[in-house]
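Now for the letters of each chain:
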Amino acid sequence: MALEKATGHDKKLQDRLIESGEIPKHIAIIMDGNGRWAQRRGLPRIAGHHEGVNSVRDIVEACGQLGIKFLTLYAFSTENWKRPEDEVSLLMRLLLKALRDEKDRLHQNEVQLKAIGEIHKLPQDVQDELLDGIEVMKRNTGLTLILALSYSGRWDITHAVRKIVEDVRLGSLRAEEISEAVVGRYLSTREFPDPDLMIRTSGEMRISNFLLWQIAYSELYISDQFWPAFRRKDLYAAIGDYQRRERRFGMVSDQLKKQEGPRVFPLSGMERFLKSVSKL
Ligand code: FPP
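Scoring rules and cut-offs
- Residues numbered from 1 in each chain as written.
- Predicted model: local features only at pLDDT ≥ 70, side-chain atom pairs only at ≥ 80, totals over all residues.
- Heavy atoms only, no water.
- Near = heavy atom within 4 Å.
- Polar contact = N/O pair within 3.5 Å; in protein donor to acceptor, adjacent residues only side chain to side chain.
- Areas by Shrake-Rupley, 256 points an atom, 1.4 Å probe, with all protein chains shown as cover.
- 1 Å grid on protein atoms, 1.4 Å probe; cavity = no way out; pocket = protein on both sides within 12 Å on 5 of 7 lines; lining within 4 Å.
- Sits in = over half its atoms within 2 Å of the grid points.
- Helix = DSSP H or I, 4+ residues; strand = E, 2+ residues; numbered from the N terminus.
- Nonpolar A, V, L, I, M, F, W, Y, C, P; charged D, E, K, R; others polar.
- Pairing = 2+ DSSP bridges.
- Axes fitted to C-alpha atoms, helices over the stretch in contact; angles between N-to-C directions.
- Contact = heavy atoms within 4.5 Å.
- Salt bridge = Lys/Arg side-chain N within 4 Å of Asp/Glu carboxyl O.
- Buried < 20%, exposed > 50% of the residue type's maximum accessible area, 1.4 Å probe, protein only.
- Points joined across faces, edges and corners; volume = space filled by probe spheres on them.

Got a minute to help me understand the site of the ligand in this structure?
In the vicinity of the ligand lie 16 residues, with D32, G35, R36, R45 and R83 positioned nearest. At 2.7 Å from an oxygen atom of the ligand is found a main-chain nitrogen or oxygen belonging to R36. Coverage of the ligand by the protein chains reaches 91% of its 630 Å² of free accessible surface. Placement of the ligand is best described as lying within the largest pocket. Those elements that provide at least two residues to the shell around the ligand are α2 (34-40) and α3 (45-66). Top contributing element to the shell around the ligand by residue count: α3, with 4 residues. Looking at the shell around the ligand, its residues break down into 6 nonpolar, 6 polar and 4 charged.

Would you explain the side chain of D241 in this entry?
Structurally, D241 is set in helix α8 (residues 232-244). Looking at D241, its side chain comes within polar contact range of the side chain of R244, at 2.9 Å. A polar contact of 2.6 Å, which involves the side chain of D241, links it to the side chain of R245.

Quick question: what am I supposed to make of the sheet that holds strand β1 (residues 26-30) here?
The strands making up a sheet are joined through hydrogen bonds of the backbone, oriented either antiparallel or parallel. The strand order β3-β4-β2-β1-β5-β6 describes an open sheet built from 6 strands, whose pairing is parallel. This sheet does not close on itself; its edge strands, each paired only once, are β3 (112-116) and β6 (219-222). The average angle at which neighbouring strand axes cross in this sheet is 20°, direction not considered. Pairing of β1 with strand β2 (residues 70-77), which is carried by 5 bridges, proceeds in the parallel orientation. Opposite I29, over in β2, you have L73 as the bridge partner. Strands in contact with α8 are β1, β5 (197-200) and β6; relative to β5, the strand with the most contacts, it is inclined by about 135°.

Explain the pattern of salt bridges to me, please; I cannot follow it from the model alone.
For side chains bearing opposite charge, pairing can occur when the charged atoms are close. Counted under the stated rule, the structure contains 28 salt bridges. The salt bridge partner of R200 is D32, with a shortest N-O separation of 3.0 Å. With R200 in strand β5 and D32 in the loop between β1 and α2, this residue pair connects regions lying 168 residues apart in the sequence. Among the residues examined, R200 registers a relative accessible area of 5% and is labelled buried. A salt bridge links R206 to E204, with the nearest nitrogen and oxygen atoms 3.4 Å apart. Given the relative accessible area of 21%, E204 is considered partly exposed.

For this particular structure, what's the right way to read the layout of surface pockets?
The probe, sized like a water molecule, is rolled over the atoms to show the empty space still left. The computed volume of the largest pocket comes to approximately 1000 Å³. Forming the walls of the largest pocket are 44 residues, and the residues nearest its centre are M31, N34, V56, Y74 and A75. Split by residue class, the lining of the largest pocket holds 24 nonpolar, 10 polar and 10 charged. Each pocket or cavity is described by its volume, and for the second largest pocket that value is around 270 Å³. Lining the second largest pocket are 13 residues, with E180, G184, D194, W213 and Q214 positioned closest to its centre. Among the residues making up the lining of the second largest pocket, the classes are represented as 7 nonpolar, 3 polar and 3 charged.

And the structure:
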């Protein structure tokens, strides 16, 4: 099975973006603004969630084409259970439908599906569909799509602390051995690198209990678009902006200039990207 390639103008945009700097290995997205997108159009909130699935499809496809290795989507937070019962129920039905409808296409595009969060709290049919998708796609080698479902950063850390304490009690881990790397291995994200870029849509400047431990050094990008309107052109703008950042990881600029490494990006990345796009 092979990845569906970008074509025409979009292919040119992607090629220019790849040439203009480093493509982040892992992008995490807080998909926000579905309700407001719908309300502004006089539609029920669920219409925003429906259109949001189309954005998910477009972004997943574009990420795969750009060679991004990991994409984590905050699809349902621990706190989202507090929403009105009918909205939660409709969201779960929509998730089930999206998993069913998209499974073959994701598989054909070499996507590997993963999930983080309290999966056992999801309705049984959603769990079954999710686990089936994960199983079917487990040998795929393209983009790893991680759905955060009934997830929160504090839950993740609390859960990790409990397991660490248990292992110390059982004697399989010594307290002196607990380092940042060890904590990382107890988190639900243990298989994945930390996100390089965290995008939030709808203009809100909050992390909302997403990957709290994992985003220590992630670049943050806030888009004014509501999630249902956020499409690949907005993703390209976010990546272009990321390419302009200097990631210092606590060091000073001069140290980075002396050291050669994949995580140091040219300051002119965005400028070059915008220039090349304007020529198209
Ligand atoms: C936030 O908008 C969005 C959500 C809580 C749900 C996101 C779910 C989807 C896009 C659909 C299913 C996902 C997948 C992965 C197939 P909001 O409702 O908080 O909007 P508001 O802030 O304007 O109220």
